[in-house]
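The chain contents come next:
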Amino acid sequence: MQIKFWGVRGSIPSPGPNTVRYGGNTTCIEIRAGDELIILDGGTGIFPLSQTLFPELPRHMHIFITHSHWDHIQGLPFFMPIFIPSNDIHLYGASDPVTQQGVERLYDVQLQYSYFPIREAELNANMHYQSLSPGEVVQVGDVTITCVLMNHPVTNLGYRVEYQGKSVFFTGDHEPPYNLCKPGEEDWEVYEDLIQQKTEDMDAAMQNVDVLIADASYTADEYKQKQGWGHGTYETCIAMAQRVGAKQLYCTHHEPTRSDDMLEQVFEEALAQSSLKIDFNVQLAKEGLTIHI
Ligand SMILES: [Zn+2]
Ligand SMILES: [Zn+2]
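Quick look at the structure, then. From a predicted model like this one, the values you see are computed outputs, not experimental measurements.

The helix and strand inventory of the protein chain stands at 7 helices and 14 strands. In terms of overall dimensions, the protein chain is globule-like: its C-alpha atoms have a radius of gyration of 19 Å, near the 19 Å expected for 293 residues. The principal-axis extent of the C-alpha atoms belonging to the protein chain is close to 60 × 45 × 40 Å. Across the 293 residues in the protein chain, those meeting the buried criterion constitute 51%. For the protein chain, long-range pairs separated by at least 24 residues make up 66% of all intrachain contacts whose partners lie at least 6 apart in sequence. Separation between the mean location of the 18 positive side-chain charges and that of the 39 negative ones in the protein chain comes to 5 Å.

Below you can see the structure in the form of C-alpha cells.
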C-alpha cells in the first residue's frame, strides 16, 4: 500500500514563501492499494493530485470525505476527472446532520452558478454517491474501509483502510472528547462514562494500525483557548498513537498561520516536553511525502 499527502493544512489554504516545505494545500491523501485508487478528503490538495491522473484515465476512483467543512471539500469542483467521460467517480461520506441529505449534497451545494460555472448535472463522468453511517464497512475490490465516528462539531468519519494485512487510519478533524461538567457537578460521572466508552470505541478501530494520520492542529498551550473547536494537539495524538499501538504517526491539519520554521519549532518542543515514551515513528505530514507499507 502506498500513501501520499497532497494537502496537510487545516482551515484555509496557506500558500507563499513561508510554507513551501510543508505545503499550503488543505487536506487530501492519496492511497494506492493494488489497482485501487482511494482518496481521503477533497481539500485543495485534490487539484494537484488530479493533474497526475490523466495518463491512467478513464478509471474508477473512490473519494472518502471525512466531513463537510470547507477545507475538506473545496477542491472537489476542481477534481478534473469529473469533467471527463467514462470515468467513474465514487464519492462517500456521512449524510448532512442538519439537512439529512446524503453525500451528494457536497457537489450539489458547490456546483451552483453563484459559486461555480458548471452545474452538477453537466458533469461528464459517471458519478456515484454513497452515504455512510458510523461503523459501516465498505469494500473496494480487495480494500476494506471502515467508518468510525470521531469527535468534531459536525459528523466526522475517521477511516481505517486495510489491504493485504496492512492498515492506515485517518482521523479527519478530531478533538478528544472532554467532560463538559466539572468534578462534583451532577452529570460529571455520566459524561466520564460516555467519554470512556467513546474513546474505547475509537481506539479499538485504530488498534495496531501501521500508519495513523491524526489532527494535531494545536500546541497544548494554544488548546487552552480553543477547547471545543474540534481539533487535537501533538500531545493528544502521541497519546492516542501510543494507546492503540500505532507503528507510525503523522501529525497533520497544520495551523494555516504557522510558517515552516514555526511548525518545526512547536513540533520539536512538543516532542521534547512529552512525558510519554515515544517508541514509534512520529513525523509532521508534508505535501508530497509518500509512505510505503
Ligand atoms: Zn479541517
Ligand atoms: Zn472540520
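All right, on to helix 6 (residues 234-244) then. Turning to helix 6, its buried residues number three or more, namely Tyr234, Cys237, Ile238, Met240, Ala241 and Val244. Along the axis of helix 6, the buried positions cluster into a sector of 160 degrees, meaning they face one direction only. Looking at the packing, one finds that the buried side of helix 6 touches helix 4 (188-206), strand 11 (211-215), strand 12 (248-252), helix 7 (260-273) and strand 13 (281-284). Of the residues flanking the start of helix 6, the one acting as N-cap is Thr233, its side-chain oxygen 3.2 Å from the backbone nitrogen of Glu235. Following helix 6 by one or two positions, Gly245 adopts a phi angle in the positive range, close to 75 degrees.

Here the focus is the coordination of the zinc ion (ligand 2). The protein atoms that coordinate the zinc ion (ligand 2) are His67 (NE2), His69 (ND1), His152 (NE2) and Asp173 (OD), at distances of 2.1 to 2.3 Å. Seen from the zinc ion (ligand 2), its 4 donor atoms lie at angles of 89 to 169 degrees, and the figure they make is irregular. For the zinc ion (ligand 2), the single-chain donor residues occur in sequence as H-x1-H-x82-H-x20-D. Taken as an interatomic distance, the gap from the zinc ion (ligand 2) to the zinc ion (ligand 1) is 3.6 Å; Asp173 donates to each of them. Here Asp173 lies in the loop between strand 10 (166-170) and helix 4 and His69 lies in the loop between strand 4 (60-64) and helix 2 (70-73), a separation of 104 residues in the sequence. Owing to a relative accessible area of 1%, Asp173 belongs among the buried residues under this scheme.

A word on the coordination of the zinc ion (ligand 1). Those protein atoms acting as donors to the zinc ion (ligand 1) are Asp71 (OD), His72 (NE2), Asp173 (OD) and His253 (NE2), and they sit at 2.1 to 2.2 Å. Note that the zinc ion (ligand 1) binds 4 donor atoms; their angles at the metal cover 91 to 166 degrees, and the shape is irregular. With a relative accessible area of 3%, His253 lands in the buried category.

Below, the discussion takes up the sheet that holds strand 4. Judged by pairing direction, the sheet is mixed, and its 7 strands sit side by side in the order 6-5-4-3-2-1-14 without closing on themselves. Each end of this open sheet is capped by a strand with a single partner; those strands are strand 6 (126-132) and strand 14 (290-292). Strand-to-strand twist of the sheet, defined as the mean angle between neighbouring strand axes without regard to direction, takes the value 20 degrees. Both strand 3 (residues 36-40) and strand 4 contribute to a ladder of 3 bridges, which runs parallel. In the sheet register, Ile39 faces strand 4, and the bridge partner there is Ile63.

Turning our eyes to something else, we now look at the environment of Ile89. As for its placement among the helices and strands, Ile89 is situated in strand 5 (residues 88-94). Note: C-alpha distance between Ile89 and Met127 (38 residues apart in sequence) is 5.0 Å. When near neighbours in sequence (up to four residues on either side) are disregarded, Ile89 contacts Met61, Ile63, Phe79, Pro81, Ile82, Ala125, Asn126, Met127 and His128.

Quick look at the packing of aromatic side chains now. Under the criterion given, the structure shown has 6 aromatic pairs. A centroid spacing of 5.8 Å and a plane angle of 50 degrees characterise the contact between Phe5 and Tyr250, whose relative ring orientation is tilted. On the criterion of sequence distance, the pair formed by Phe5 in strand 1 (residues 2-7) and Tyr250 in strand 12 is long-range, its members being 245 residues apart. Their ring planes at 5 degrees and their centres at 4.1 Å tell us that Phe64 and Tyr92 sit as a pair that is stacked. Taken as a pair, Phe64 in strand 4 and Tyr92 in strand 5 lie far apart in primary sequence, 28 residues in all. By the ring-pair criterion, three or more aromatic residues cluster together here, those being Phe47, Phe78 and Phe116.

For the structure on display, the rule yields 13 salt bridges. Note that Arg21 is salt-bridged to Glu264, the shortest N-O span being 3.3 Å. On the criterion of sequence distance, the pair formed by Arg21 in the loop between strand 1 and strand 2 (28-33) and Glu264 in helix 7 is long-range, its members being 243 residues apart. A relative accessible area of 30% places Glu264 in the partly exposed class. For Asp210, the salt bridge is made with Lys247, and the minimal N-O distance between the two is 3.5 Å. Here Asp210, found in the loop between helix 4 and strand 11, pairs with Lys247, found in the loop between helix 6 and strand 12; they are 37 residues apart in sequence, far enough to count as distant. Taking relative accessible area as the criterion, Lys247 reaches 45% and is therefore assigned partly exposed. What you see here is one network of salt bridges that share partners, running through Glu30, Arg32, Glu56 and Arg59.

What counts and how
- Residues numbered from 1 in each chain as written.
- Chains lettered and ligands numbered in written order.
- Predicted model: local features only at pLDDT ≥ 70, side-chain atom pairs only at ≥ 80, totals over all residues.
- Heavy atoms only, no water.
- Helix = DSSP H or I, 4+ residues; strand = E, 2+ residues; numbered from the N terminus.
- Rg over C-alpha atoms; globule rule 2.2 N^0.38 Å.
- Buried < 20%, exposed > 50% of the residue type's maximum accessible area, 1.4 Å probe, protein only.
- Contact = heavy atoms within 4.5 Å.
- Lys, Arg positive; Asp, Glu negative; His and termini not counted.
- Charge placed at Lys NZ, Arg CZ, Asp CG, Glu CD.
- Arc of directions from axis to C-beta.
- Polar contact = N/O pair within 3.5 Å; in protein donor to acceptor, adjacent residues only side chain to side chain.
- Donors = N, O, S within 2.8 Å, 3.2 Å for Na, K, Ca; no water.
- Tetrahedral: all angles 85-135°; square planar, octahedral: opposite > 155°, others 65-115°.
- Pairing = 2+ DSSP bridges.
- Axes fitted to C-alpha atoms, helices over the stretch in contact; angles between N-to-C directions.
- Phe/Tyr/Trp six-rings, centres within 6.5 Å; stacked < 30°, edge-to-face > 60°.
- Salt bridge = Lys/Arg side-chain N within 4 Å of Asp/Glu carboxyl O.

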